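# Descriptive analysis of the structure
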Amino acid sequence: QVQLVESGGGLVQPGGSLRLSCAASGNIFSIGPMGWYRQAPGKQRELVAIKRNSGNTVYADPVKGRFTISRDNAKNTVYLQMNSLKPEDTAVYYCKGIFNGGNDYWGQGTEVTVSS
């Protein structure tokens, strides 16, 4: 079993920044892409960013130029640096990773609220 634990969410004013972290632990034999998703109230969960083992990254259009995903493979951790935050970025942010030959694992989520 693999566990993902997110941290770093909170309340921030528009234009502010937050850095989310997601640490993976447990019986890890291989790690594939890791990424971040978010779910705003009343909306479906959507992709925010993915970082593949090759280093290739994919960003959703609404966050391009403002958010940066990075990985520390030695720590089995993925980060999401969020700058120039907007009220529409308010959501629960979930970390997702593909481990041990194709199994999806999700974190419990961390809440981000952008409000003045």
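Values in this document were obtained by computation on a predicted structure and should not be read as measured data. (Residues numbered from 1 in each chain as written. Predicted model: local features only at pLDDT ≥ 70, side-chain atom pairs only at ≥ 80, totals over all residues. Heavy atoms only, no water.)

## Concerning the overall build of the chain
- Looking only at helices and strands, the chain features zero helices and eleven strands.
- A globule of 116 residues ought to have a C-alpha radius of gyration of about 13 Å, and the chain, at 14 Å, matches this closely.
- By principal-axis analysis of the C-alpha atoms, the chain measures approximately 45 × 25 × 25 Å.
- Counting every position in the chain, which comprises 116 residues, the buried fraction comes to 41%.
- In the chain, of all internal contacts separated by at least 6 residues, the share reaching a separation of at least 24 is 54%.
- For the chain, the accessible area works out to roughly 6100 Å², and carbon and sulfur atoms hold 46% of it.
- Taking the 12 positively charged and 8 negatively charged side chains of the chain as two groups, their mean positions are separated by 5 Å. (Helix = DSSP H or I, 4+ residues; strand = E, 2+ residues; numbered from the N terminus. Rg over C-alpha atoms; globule rule 2.2 N^0.38 Å. Buried < 20%, exposed > 50% of the residue type's maximum accessible area, 1.4 Å probe, protein only. Contact = heavy atoms within 4.5 Å. Areas by Shrake-Rupley, 256 points an atom, 1.4 Å probe, with all protein chains shown as cover. Lys, Arg positive; Asp, Glu negative; His and termini not counted. Charge placed at Lys NZ, Arg CZ, Asp CG, Glu CD.)

## Details of the packing of aromatic side chains
- Summed over all chains, the structure comprises two aromatic pairs.
- Taking the centre distance of 5.9 Å and the plane angle of 75 degrees together, the rings of phenylalanine 99 and tyrosine 105 count as edge-to-face.
- In this arrangement the basic side chain of arginine 45 is found over the ring face of tryptophan 106, its NZ or CZ atom lying 4.7 Å from the centre. (Phe/Tyr/Trp six-rings, centres within 6.5 Å; stacked < 30°, edge-to-face > 60°. Lys NZ or Arg CZ within 6 Å of the ring centre and 35° of its normal.)

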